[in-house]
Amino acid sequence: MRVLVADDDENSRVLLRAALEARGYTVDDAADGAQALKLAQQEQPDLIVSDIMMPEMDGFAFCAAVKNDTHLNKIPFGVVSSVIRFIRLPGKRWTSASRIRC
């Protein structure tokens, strides 16, 4: 399974990548929503995990762009915050957290 992580905080990207790769997931990452959108269009991930507050394109705009793209809109989109960083992977239990739907 391929997961795309979008977060402007490099430490957060490194931590999420390490946690996901340790569980066998392939991870791509981006430092902002615009970069993440391009990567999603190229790689077609199985799951997207995004921060909200990012430069260029924030997480809400990124989510809206994904949901408005007919090639991407079926991809599950999870949100992380600087306070709580938990995600639910398809077919797995919550690793922790609440979801924000956009």
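Please refer to the structure higher up on the page.
In this text, all values refer to a predicted model and were calculated from it rather than measured experimentally.

Section: unusual backbone geometry
A negative phi angle characterises most non-glycine residues, just as the trans form characterises most peptide bonds. Within the chain, Gln-44 stands out as a residue other than glycine whose phi angle is a positive 50 degrees. With respect to the helices and strands, Gln-44 occurs in the loop between helix H2 (33-43) and strand E3 (47-50). Phi at Glu-56 is positive, roughly 65 degrees, even though this residue is not glycine. Mapped onto the elements of the fold, Glu-56 is located in the loop between E3 and helix H3 (59-67). Judged by its relative accessible area of 70%, Glu-56 falls in the exposed class.

Concerning the pairing of strand E1 (residues 2-6)
Most of E1 is tucked away, with four of its five residues classed as buried. Alignment of E1 against strand E2 (residues 26-30), held across five bridges, turns out to be parallel. By the bridge assignment, Val-5 is partnered in E2 with Asp-29. On the question of chirality, the crossover connecting E1 to the parallel E2 by way of helix H1 (residues 10-22) is right-handed. Bridge count between E1 and E3: four bridges; the pairing is parallel. Following the sheet pairing, Val-3 is matched in E3 by Leu-47.

Thoughts on the nonpolar core
Core analysis: the largest hydrophobic core is formed by 18 residues, its most contacted members being Leu-4, Ile-48, Phe-62, Val-66 and Phe-77. Looking at this core, the elements with two or more residues in it are E1, H2, H3 and strand E4 (77-79). Looking at which element gives the most residues to this core, the answer is H2, with four residues. Setting aside chain neighbours within four positions, we find Leu-4 in contact with Asp-28, Asp-29, Ala-36, Leu-39, Ala-40, Pro-45, Leu-47, Ile-48, Val-49 and Phe-62. By size, the runner-up hydrophobic cluster in this structure holds nine residues, among which are Val-3, Val-5, Val-27 and Val-80.

What counts and how
- Residues numbered from 1 in each chain as written.
- Predicted model: local features only at pLDDT ≥ 70, side-chain atom pairs only at ≥ 80, totals over all residues.
- Heavy atoms only, no water.
- Helix = DSSP H or I, 4+ residues; strand = E, 2+ residues; numbered from the N terminus.
- Buried < 20%, exposed > 50% of the residue type's maximum accessible area, 1.4 Å probe, protein only.
- Pairing = 2+ DSSP bridges.
- Right-handed = clockwise from strand over helix to strand, strands pointing away.
- Core = buried A, V, L, I, M, F, W, Y, C linked by side-chain atoms within 4.5 Å.
- Contact = heavy atoms within 4.5 Å.

Nothing here speaks to function; it is geometry throughout.
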